[in-house]
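Results of the structural survey
For reference, the chains in residue letters:
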Amino acid sequence: MITFNLESKTAYVTGGARGIGKTVALGLAKNGADVAIVDIDLKMATSVAEEIKAMGRRSLAISCDVTNPEDVQSMVDTIVKEWGKLDIAFNNAGICINVEAENMTPQEWKKVIDINLTGVFFTSQAAGKVMIKQKKGVIINTASMSGHIVNSPQPQCAYNASKAAVMMLTKSLAVEWAPYNVRVNSLSPGYIATEMTLSAPAEWKDRWIDLTPVKRMGTPKELVSAILYLADDSASFTTGTDLVVDGGFTSI
């Protein structure tokens, strides 16, 4: 039986102060990794970092705007300076704006694309440079089942487009960086019970659950084992993969 062991590994999680990011960060730490919590909200990031330290692991709280390449480079530089290396990068920060396509403003479109796609490129690029020098590393990008299907009933064309692009960006980086022993994969969650989804209108949530074969939303904890697999050395032949965890939604 394969067990996941991230002892001596260092990692960061963007969007790590809440939701999926926080749960995954704690899961990485429970399995031995030292984890930097990267978020625009430094206060909440610090709180999560303290939880990790209480588990006996090292942690950093770093404020970072993933749409700002200087911020991103500073974040990665800080981790490498403090810990000497970067083994795992979980590029998870993202947003969704629900606006009909015909009414979406250029600013709304740009905000979603900048955070969900360009931010993933900047963080992957900065992490990749370190990992190429190390000749080893793992990058995991949060995509979404929304890159495979069109969600209903909410209007979210920018989000869907950004997540589909994240999957192709992931595959492209995986091919480019395979010679350097740097693996790049993406995770595509379905509807997960986080602050963002739970605050949606009741009729939306009813529709989502009705369309999901297992008839419920997932929990952030149900994504942790998928991330642990992708991060672990046992997944050494897995790169360029999009791992869908959606309760069967995209199977219909």
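This report concerns the structure included in the present document. (Residues numbered from 1 in each chain as written. Predicted model: local features only at pLDDT ≥ 70, side-chain atom pairs only at ≥ 80, totals over all residues. Heavy atoms only, no water.)

1. A look at the overall build of the protein
Looking only at helices and strands, one finds 8 helices and 7 strands in the protein. Relative to its length of 252 residues, the protein is compact, with a C-alpha radius of gyration of 17 Å against a globular reference of 18 Å. With the principal axes as the frame, the protein shows a C-alpha extent of 50 × 45 × 40 Å. Residue burial in the protein is summarised as follows: out of 252 residues, 50% are buried. Within the protein, contacts between residues separated by at least 24 positions form 72% of all contacts whose residues are at least 6 apart in sequence. When the accessible surface of the protein is split by element, carbon and sulfur atoms take 56% of a total near 11,500 Å². Side chains of the protein give 24 positive and 26 negative charges; the mean places of these two sets differ by 6 Å. (Helix = DSSP H or I, 4+ residues; strand = E, 2+ residues; numbered from the N terminus. Rg over C-alpha atoms; globule rule 2.2 N^0.38 Å. Buried < 20%, exposed > 50% of the residue type's maximum accessible area, 1.4 Å probe, protein only. Contact = heavy atoms within 4.5 Å. Areas by Shrake-Rupley, 256 points an atom, 1.4 Å probe, with all protein chains shown as cover. Lys, Arg positive; Asp, Glu negative; His and termini not counted. Charge placed at Lys NZ, Arg CZ, Asp CG, Glu CD.)

2. Looking at the sheet that holds strand 3 (residues 59–63)
In spatial order, the strands read 3-2-1-4-5-6-7; together these 7 strands make up an open sheet with parallel pairing. Two strands close off the open sheet at either side, each with one partner strand: strand 3 and strand 7 (242–245). Taking each pair of neighbouring strands and ignoring which way they run, the sheet shows an average axis angle of 15°. Sheet topology places strand 5 (residues 137–142) next to strand 6 (residues 182–189); 6 bridges connect them, and they run parallel. (Pairing = 2+ DSSP bridges. Axes fitted to C-alpha atoms, helices over the stretch in contact; angles between N-to-C directions.)

3. Let's talk about unusual backbone geometry
Here the residue pair S152 and P153 is connected by a cis peptide bond, since its omega of 10° sits within 30 degrees of zero. With phi around 65°, K135 is a residue other than glycine that occupies positive phi space. A residue is classified by how much of its surface remains accessible, and K135, at 49% relative accessible area, is partly exposed.

4. Examining the nonpolar core
Judged by nonpolar contacts, the single largest core of 30 residues is most densely connected at L28, V35, I37 and I52. Mapped onto this core, the elements with two or more residues apiece are strand 1 (10–14), helix 1 (19–30), strand 2 (34–39), helix 2 (42–54), strand 4 (88–91), strand 5 and helix 8 (221–231). With 7 residues, helix 8 is the largest single contributor of residues to this core. With sequence-adjacent residues up to four places away left out, I52 is seen in contact with A25, L26, A29, V35, I37, R57, R58 and S59. L60, I62, W83 and M131 belong to the second largest nonpolar core, which has 29 residues in total. (Core = buried A, V, L, I, M, F, W, Y, C linked by side-chain atoms within 4.5 Å.)

5. Overview of the packing of aromatic side chains
Tallied over the full model, the rule gives 4 aromatic pairs. Measuring from centroid to centroid gives 5.7 Å for Y191 and F249, while their planes differ by 75°, and the two rings are edge-to-face. Here Y191, found in the loop between strand 6 and helix 6 (195–198), pairs with F249, found in the segment after strand 7; they are 58 residues apart in sequence, far enough to count as distant. The same class applies to Y191 and to F249, which are both buried. (Phe/Tyr/Trp six-rings, centres within 6.5 Å; stacked < 30°, edge-to-face > 60°.)

6. With respect to empty space enclosed by the protein
Going through the model one piece at a time under the given rule, you end up with 2 cavities of 30 Å³ or more. Looking at the largest cavity, its volume works out to about 50 Å³. Lining the largest cavity are K9, D87, I88, K136, G137, V138, A231 and D233. A class-by-class count of the residues in the lining of the largest cavity yields 3 nonpolar, 1 polar and 4 charged. Each pocket or cavity is described by its volume, and for the second largest cavity that value is around 30 Å³. Considering only residue class, the lining of the second largest cavity consists of 4 nonpolar, 5 polar and no charged. (1 Å grid on protein atoms, 1.4 Å probe; cavity = no way out; pocket = protein on both sides within 12 Å on 5 of 7 lines; lining within 4 Å. Points joined across faces, edges and corners; volume = space filled by probe spheres on them. Nonpolar A, V, L, I, M, F, W, Y, C, P; charged D, E, K, R; others polar.)

7. Regarding the pairing of strand 5
Burial of strand 5 is extensive: 6 of the 6 residues sit out of reach of the surface. Side chains G137, I139 and N141 project from strand 5 onto one buried face, and the interleaved V138, I140 and T142 project onto a second face that is buried too. You can see the chain leave strand 4, run along helix 4 (residues 106–134) and come back into strand 5, and the turn it takes is right-handed. In this fold, strand 5 hands off to helix 5 (residues 157–177), which returns the chain to strand 6; that crossover is right-handed. (Right-handed = clockwise from strand over helix to strand, strands pointing away.)

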